[in-house]
Each structure stands twice: as C-alpha cells, then as structure tokens.
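Here's the letter readout for the chains.
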Amino acid sequence: MTDPDYIKCRRIPESGSLVKKNRVCRTNAQWIASSNKGNLDARDTMETLARGWSNSVEPQQDLMSHAEPR
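Quick caveat, the model's predicted, so the values are computed rather than measured.

## Re the overall build of the protein
For the protein, the count of helices and strands is 2 helices and 2 strands. Starting at the N terminus, the α and β elements of the protein follow one another as β-β-α-α. Looking at the protein residue by residue over its 70 residues, the buried ones come to 4%. Residue pairs in contact within the protein that sit at least 24 positions apart in sequence constitute 13% of those at least 6 positions apart.

## A closer look at helix α1 (residues 28–51)
With 24 residues, α1 extends 35 Å between its outermost C-alpha atoms, agreeing within 8% with the 34 Å of an ideal straight helix rising 1.5 Å per residue. Immediately downstream of α1, the backbone of Gly52 shows phi near 95 degrees, a positive value.

## Some words on the packing of aromatic side chains
By the definition in use, this model includes 0 aromatic pairs. The cationic tip of Arg26 hangs over the ring face of Trp31; the distance from NZ or CZ to the ring centre is 4.7 Å.

## A look at the pattern of salt bridges
The full count for this structure, using the stated rule, is 2 salt bridges. Notably, a salt bridge pairs Glu14 with Lys20, separated by 3.6 Å at the nearest N-O pair. When its relative accessible area of 46% is taken as the criterion, Lys20 is described as partly exposed. Lys37 serves as the salt-bridge partner of Asp41, at 3.1 Å between the closest nitrogen and oxygen. Of this pair, Asp41 and Lys37 are both found in helix α1, 4 residues apart, which corresponds to roughly one turn of the helix. Here Asp41 falls in the partly exposed class, since its relative accessible area comes to 33%.

## Observations concerning the side chain of Thr27
Here Thr27 is to be found in strand β2 (residues 21–27). With sequence-adjacent residues up to four places away left out, Thr27 is seen in contact with Pro4, Asp5, Tyr6 and Ile7.

## Points about the environment of Asp3
Note that Asp3 resides in the segment before β1 (7–13). Residue Asp3 is classed as partly exposed on the basis of its relative accessible area of 43%. Taking the C-alpha atoms as reference, Asp3 lies 8.7 Å from Thr27; in sequence the two are 24 residues apart.

How each quantity is defined
Residues numbered from 1 in each chain as written. Predicted model: local features only at pLDDT ≥ 70, side-chain atom pairs only at ≥ 80, totals over all residues. Heavy atoms only, no water. Helix = DSSP H or I, 4+ residues; strand = E, 2+ residues; numbered from the N terminus. Buried < 20%, exposed > 50% of the residue type's maximum accessible area, 1.4 Å probe, protein only. Contact = heavy atoms within 4.5 Å. Expected span 1.5 Å × (residues − 1). Phe/Tyr/Trp six-rings, centres within 6.5 Å; stacked < 30°, edge-to-face > 60°. Lys NZ or Arg CZ within 6 Å of the ring centre and 35° of its normal. Salt bridge = Lys/Arg side-chain N within 4 Å of Asp/Glu carboxyl O.

In structure tokens:
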C-alpha cells in the first residue's frame, strides 16, 4: 500500500452537493504530487495577498482597447 505505483481510490464530495461524491483513483505518487501542488498554490496566493495587489502592471494594449471611442 505504500508503493508509489499502488492505486488508491477516494470519494471526493462534489461542489454544491451535500450528498453526491465522485470516485477518483490515482497512484500514491499522483496523490502526493496533487497535494504538493495544492500546497504550493495556496502558499503563492498567500504571498501575493501579503504583498498587495498594487504592484501589478497591466499591459497597455488591453487598457487602450477598452477605452477607444465608438
């Protein structure tokens, strides 16, 4: 059961439903990679929020295309 190629299935609750669950089967290595990716994404989000949104720069072409008169 601890082998990286061993397949584990889990029942994951479906968003918006109190009852329905989806069965997801992956190898142990895939479950670990998925968990690590989720943790990394959460950490990146928290660091971005800690820095604030003011240091982002939007491309000029996107701003100008919306401001053109009709």
